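Examination of the molecular architecture
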Amino acid sequence: MHFFSYKNDELFCEEVPAESIAEQVGTPLYLYSWATIVRHFRIFKDAFNGLKHLICFSVKSNSNIAILNTIASEGGGADIVSGGELYRALRAGISPDKIVYSGVGKTPDDIEMALKSNILMFNIESEQELKTINDVAEKTGNRARIAVRINPDIEPNTHPYIVTGFNENKFGIQIDNALPIYELAKGLKYVDIKGISCHIGSQLTEISPFIDALLKLRELAQKIKKMGISLEFLDLGGGLGITYDTESPPDPSEYASAIKKIAGKDEFTLILEPGRVIVGNAGILIARVIYTKITPNKKFIIVDAGMNDLIRPSLYNSYHSVMPIKKTSGETIVADLVGPICETGDFLAKDRVMPPFKQGDLVALMSAGAYGFSMASNYNSRPRPAEILVKGKEFSLIRSRETLDDLVRGEEIPEFID
Ligand SMILES: *Cc1c(COP(=O)(O)O)cnc(C)c1O
């Protein structure tokens, strides 16, 4: 459930009409509902009551520091994948002892920054990374807490681009090769082994792959224990899906109770890294229709948001519901909702039944709170959109629309070509 709804045929975010924000801030813009984020976070967290757990919000799903601060205020931690995300998480007030760091390509500089910040642990993804972390820790006089990210080789039934837990994926260490890595880690002087982690994919709409992964992790934990290593954390990653269209993913309470049934009496603290399920349906992208165009085969609604603002349709062929900001009468049409970018792949919706949008109308792309702005780029030299957070009757800019100066910031024309 979220707090975007129609009152008298007008779309509201909580108690604010979306149109008034679009008029004041301009388009395109990302609009988030604070109450929805908090509600989703609390539902997720409360579902794990009775089990020792830590919720580390996946920063890459939405990295705005106002959103991260909202999570911090609710007691959440962060799952980060870069030094930049570490910087954001700390700036937003997330406690370092609730930060876990995943990713296959952590550089020595990233590692040093994370060690100096004293984060909870690194989820290491290769033998070389493990050795590098040990070396950097020795150099900086720190100790590194680590978990090994395991690739449990599970079929999660989701889009191939967001499957991460298969043997052929670049992520983690194959479960069959895990024990030698733990053996190696045990012999390293500056590394403290803390856990096992995994993340099998995103937008999963069934519980069974998570349970399969959990069972594999627990089985591995027993073997590691026999090596004389005690573990504190099992990190099950993120990946719980949301409803974009007609999907019916398990709700967090079903997900949590299935997990509790298995791990409810374990001595481990369970770490969860939800992203999409917290923020996905807490945000929308609002665009304005610039032109409409009819070709012999198709109708096009051309809006001022493109694949640089919301790349999911182009990248994953994913579905975002298209809604009017103001409902009007008139027969629906079937059209493509496209952006201004010079790429055929620049579409937001294809062959979609939608209201008969006219020039100047405002359009909402729903469920854009996760992997929306955080994946936005400046392609075609388009300033990235503004981001707004609504809480009750209030709203505030949480990121200004980029300016033309922002577009060329850092660029120089060298003297030798002048
Ligand atoms: C992306 C990612 C997540 C979050 O995935 P969601 O599908 O948004 O829940 C969690 N953990 C890791 C390691 C990730 O890469």
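Residues numbered from 1 in each chain as written. Predicted model: local features only at pLDDT ≥ 70, side-chain atom pairs only at ≥ 80, totals over all residues. Heavy atoms only, no water.

From N to C terminus, the protein includes twelve helices and 21 strands. With respect to the principal axes defined by its C-alpha atoms, the protein has extents near 70 × 65 × 45 Å. Sorting the 418 residues of the protein into buried and exposed places 54% on the buried side. Long-range pairs, those at least 24 residues apart, make up 70% of the contacts in the protein with a sequence separation of at least 6. When the accessible surface of the protein is summed, it comes to about 18500 Å², and 49% of that surface belongs to carbon and sulfur atoms. The distance from the centre of the 46 positive side-chain charges to the centre of the 54 negative ones in the protein is 5 Å. (Helix = DSSP H or I, 4+ residues; strand = E, 2+ residues; numbered from the N terminus. Buried < 20%, exposed > 50% of the residue type's maximum accessible area, 1.4 Å probe, protein only. Contact = heavy atoms within 4.5 Å. Areas by Shrake-Rupley, 256 points an atom, 1.4 Å probe, with all protein chains shown as cover. Lys, Arg positive; Asp, Glu negative; His and termini not counted. Charge placed at Lys NZ, Arg CZ, Asp CG, Glu CD.)

This paragraph deals with the side chain of Arg-312. Mapped onto the elements, Arg-312 comes out in helix α11 (residues 312-316). One buried charge, Arg-312, has no salt-bridge partner; the nearest side chain with opposite charge is Glu-247, at 7.3 Å. A polar atom in the side chain of Arg-312 sits 2.9 Å from the side chain of His-320. Sequence-distant contacts of Arg-312, that is, excluding residues within four places in its chain, are made with Tyr-244, Arg-276, Asn-317, Ser-318, His-320, Ala-370 and Tyr-371. (Salt bridge = Lys/Arg side-chain N within 4 Å of Asp/Glu carboxyl O. Polar contact = N/O pair within 3.5 Å; in protein donor to acceptor, adjacent residues only side chain to side chain.)

Within the open sheet, the three strands sit side by side as β1-β2-β3. Their pairing is antiparallel. Edge positions in the sheet fall to β1 (4-7) and β3 (16-17), since each of these pairs with one other strand and no more. As defined by bridge partners, β1 adjoins strand β2 (residues 10-13) across four bridges and the pair is classed as antiparallel. Within the sheet, the bridge partner assigned to Tyr-6 lies in β2 and is Leu-11. (Pairing = 2+ DSSP bridges.)

Right, let's get into the domain arrangement of the protein. Considered domain by domain, the protein is made up of domain 1 (4-32 + 280-408) and domain 2 (95-274). With centres defined by C-alpha atoms, the gap from domain 1 to domain 2 works out at 35 Å. Every contact between the two is made by ten residues of domain 1 and, on the other side, eight residues of domain 2. Counting each side, the surface lost to burial between domain 1 and domain 2 is near 770 Å², with a carbon and sulfur contribution of 57%. Its largest share of buried area at the contact with domain 2, domain 1 owes to Asn-281, Tyr-316 and Tyr-319, together 56% of the area lost on that side. Along the contact surface separating domain 1 from domain 2 lie zero salt bridges. On the surface where domain 1 and domain 2 come into contact, there are one residue pair in polar contact (both at pLDDT 80 or more). Classifying every residue of the side of domain 1 that touches domain 2 gives four nonpolar, five polar and one charged. (Domains from an automatic or database assignment. Buried area = accessible area lost by both parts, 1.4 Å probe. Nonpolar A, V, L, I, M, F, W, Y, C, P; charged D, E, K, R; others polar.)

The next subject is helix α6 (residues 127-140). Side chains three or four residues apart in an α-helix point the same way, a direct result of the helix having 3.6 residues per turn. Over its 14 residues, α6 extends 20 Å from the first C-alpha to the last, a length consistent with the 20 Å expected when each residue adds 1.5 Å. Gly-141 sits one or two positions beyond α6 and adopts a positive phi of about 70 degrees. (Expected span 1.5 Å × (residues − 1).)

Regarding helix α5 (residues 108-117), the residues found buried are Asp-110, Ile-111, Glu-112, Ala-114, Leu-115 and Ser-117. At its buried positions, α5 is contacted by α4 (83-91), β7 (99-101), β8 (121-124), α6 and β9 (144-151). Where α5 terminates, the next one or two residues include Asn-118, which has phi positive at roughly 60 degrees.

Bringing the environment of Thr-246 into the picture now. Structurally, Thr-246 is set in the loop between β12 (233-235) and α9 (252-263). Residue Thr-246 is classed as exposed on the basis of its relative accessible area of 68%. The spacing of Thr-246 and Tyr-319 is 73 residues in sequence and 9.9 Å in space, taken between C-alpha atoms.

Another aspect to go through is a nonpolar patch on the surface. Taken together, Ile-413, Phe-416 and Ile-417 make up a surface patch of nonpolar side chains, about 420 Å² in accessible area. Positionally, Ile-413 belongs in the segment after α12 (404-408). Taking relative accessible area as the criterion, Ile-413 reaches 68% and is therefore assigned exposed. (Patch = residues over 30% accessible without salt bridge, like charges linked within 9 Å, V, L, I, M, F, W, Y side chains within 5 Å.)

This next bit is on the pattern of salt bridges. Across all of its chains, the model carries 19 salt bridges by this definition. Residues Arg-288 and Glu-23 are paired through a salt bridge, measuring 3.5 Å at the closest nitrogen-oxygen approach. With Arg-288 in strand β14 (residues 283-294) and Glu-23 in helix α1 (residues 18-25), this pair connects stretches of sequence that are 265 residues apart. A salt bridge links Glu-402 to Arg-399, with the shortest nitrogen-to-oxygen separation between them at 3.5 Å. When its relative accessible area of 12% is taken as the criterion, Glu-402 is described as buried.

In this section: the packing of aromatic side chains. Within this structure, the stated rule accounts for seven aromatic pairs. Geometrically, the ring pair formed by Phe-210 and Tyr-255 is edge-to-face, given 4.9 Å between the ring centres and 75 degrees between the ring planes. Linking Phe-210 in helix α8 (residues 208-226) with Tyr-255 in helix α9, this pair joins segments that are 45 residues apart in sequence. For the pair Phe-210 and Tyr-255, one class covers both residues: buried. Grouping aromatic residues by their ring pairs yields a cluster made of Phe-44, Phe-48, Phe-210 and Tyr-255. Here the guanidinium or amino end of Lys-106 rests over the ring plane of Tyr-101, the centre of that ring lying 5.4 Å away. We note Lys-327 situated over the ring of Tyr-6; from NZ or CZ to the ring centre the distance is 4.1 Å. (Phe/Tyr/Trp six-rings, centres within 6.5 Å; stacked < 30°, edge-to-face > 60°. Lys NZ or Arg CZ within 6 Å of the ring centre and 35° of its normal.)

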